[in-house]
Structures are given as C-alpha cells and as structure tokens.
Amino acid sequence: MEQVTVPAGLQSALSEKFGGAGDPEFFLSEISLYGDAEKLTISMHVSVALNSGDREKWILRLGLSGSDTDAARPDAPVEAYRWLALMVHANVIEWWHTRKTAPNIPEIPRRIG
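Conventions and cut-offs
Per chain, residue numbering runs from 1 following the sequence as it is written. Where totals are concerned, whole chains, interfaces and linings use all residues; where local detail is concerned, this predicted model gives features only for residues with pLDDT of at least 70, and gives and counts side-chain atom pairs only at 80 or more. Values reported for side chains reflect all heavy atoms of the structure, with hydrogen atoms and water molecules removed beforehand. Numbering of helices and strands runs from the N terminus, with a helix taken as a DSSP run of H or I at least four residues long and a strand as a DSSP run of E at least two residues long. Side-chain atoms alone can form a polar contact between residues adjacent in sequence; in general such a contact is a pair of N or O atoms within 3.5 Å, and within protein one must be able to donate a hydrogen while the other accepts it. Contact definition: two residues touch when any of their heavy atoms are within 4.5 Å. A residue's pLDDT is simply how confident the predictor is in it, with values from 0 to 100. Between rings of Phe, Tyr and Trp, where Trp is taken as its six-membered ring, a pair exists when centres lie within 6.5 Å; planes separated by under 30 degrees are stacked, by over 60 edge-to-face, and by other angles tilted. Burial classification: accessible surface area is computed with a 1.4 Å probe over protein chains only, and a residue below 20% of its type maximum counts as buried, one above 50% as exposed, and the rest as partly exposed. A ring has a charge above it when a Lys NZ or an Arg CZ is no more than 6 Å from the ring centre and no more than 35 degrees off the ring normal.

Caption draft 1: Just the side chain of S32, in detail. Along the chain, the position of S32 falls in strand β2 (residues 25–35). At 3.5 Å, the side chain of S32 and the side chain of Y34 are in polar contact. Once residues lying within four places of it in the same chain are set aside, the contact partners of S32 are Q3, V6, T41, I42 and S43.

Caption draft 2: Focus on the confidence of the model for the protein chain. Residues of the protein chain with pLDDT of at least 70 account for 99%, and the chain-wide mean is 92. Within the protein chain, the element-level pLDDT minimum falls on helix α2 (residues 67–71), averaging 90, and the maximum on helix α1 (residues 8–14), averaging 97.

Caption draft 3: Spotlight on the packing of aromatic side chains. Going through the model one piece at a time under the given rule, you end up with four aromatic pairs. Taking the centre distance of 5.3 Å and the plane angle of 20 degrees together, the rings of F18 and F26 count as stacked. Given the relative accessible area of 10%, F18 is considered buried. When its relative accessible area of 0% is taken as the criterion, F26 is described as buried. Seen from their ring centres, W58 and W95 are 5.2 Å apart, and the 75 degrees between their planes marks the pair as edge-to-face. In this pair, W58 is assigned in strand β4 (residues 55–65) and W95 in helix α3 (residues 78–98), connecting sequence segments 37 residues apart. Through a chain of ring-to-ring contacts, three or more aromatic side chains come together here, namely F18, F26, W58, W95 and W96. The cationic tip of R99 hangs over the ring face of W96; the distance from NZ or CZ to the ring centre is 3.5 Å.

Take a look at the structure:
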C-alpha cells in the first residue's frame, strides 16, 4: 500500500483528546494513511488513560472507503476533517468497548504499552 499524506487539518482534528462519561480518555498519535483514492487505511497509536489511572497504548488500523476517503483528501473542507475525526473517534470508542468480545475492526489491534 502506498502511504498518503495526512492533511494538516485532518491531523489536527484527529489529534484532539476525546472520551466521555464512563469512557477513558483517548489520544491518537503517529497517524498515517495508506491506500489510494478509493480505499484508505488509517493507522494510529491509541493512548488510553483509564479511570483507574493506568495507561495502555495500542496500534489500531481502520479501513476507510466511499465518502470517508473524500473527507481525507488534501482539498477537503475543514468540516469534512471534523466529520471524519468524529467517525474515527466513534470507531475507537466502539472498539474499546467491544475489544474483548467481538471487535468490529478488520485487523486485530496490537497492544504496545
């Protein structure tokens, strides 16, 4: 797969800490895109700050297709970057809650810390 440049606006939107009531705090780093105009894979390190004070770090990859790939283009509007970041964040939270039973992720995430 060919590496694709992550637009600065998308990088910024993805790099904001997120989480909510009952969820740990998540932070994405080392974000990269691979693929082509029709199908992309986003690879990232996910740092998880648990409510207990413990921390975990994972490598996670998500597949993007259709309008998701359009939202990752360098000429996409800022709103598209925010929308895609919201979708990625929602998928990370869903993965976290289902990781021990039936994660909805095409590639098995790997814990690295």
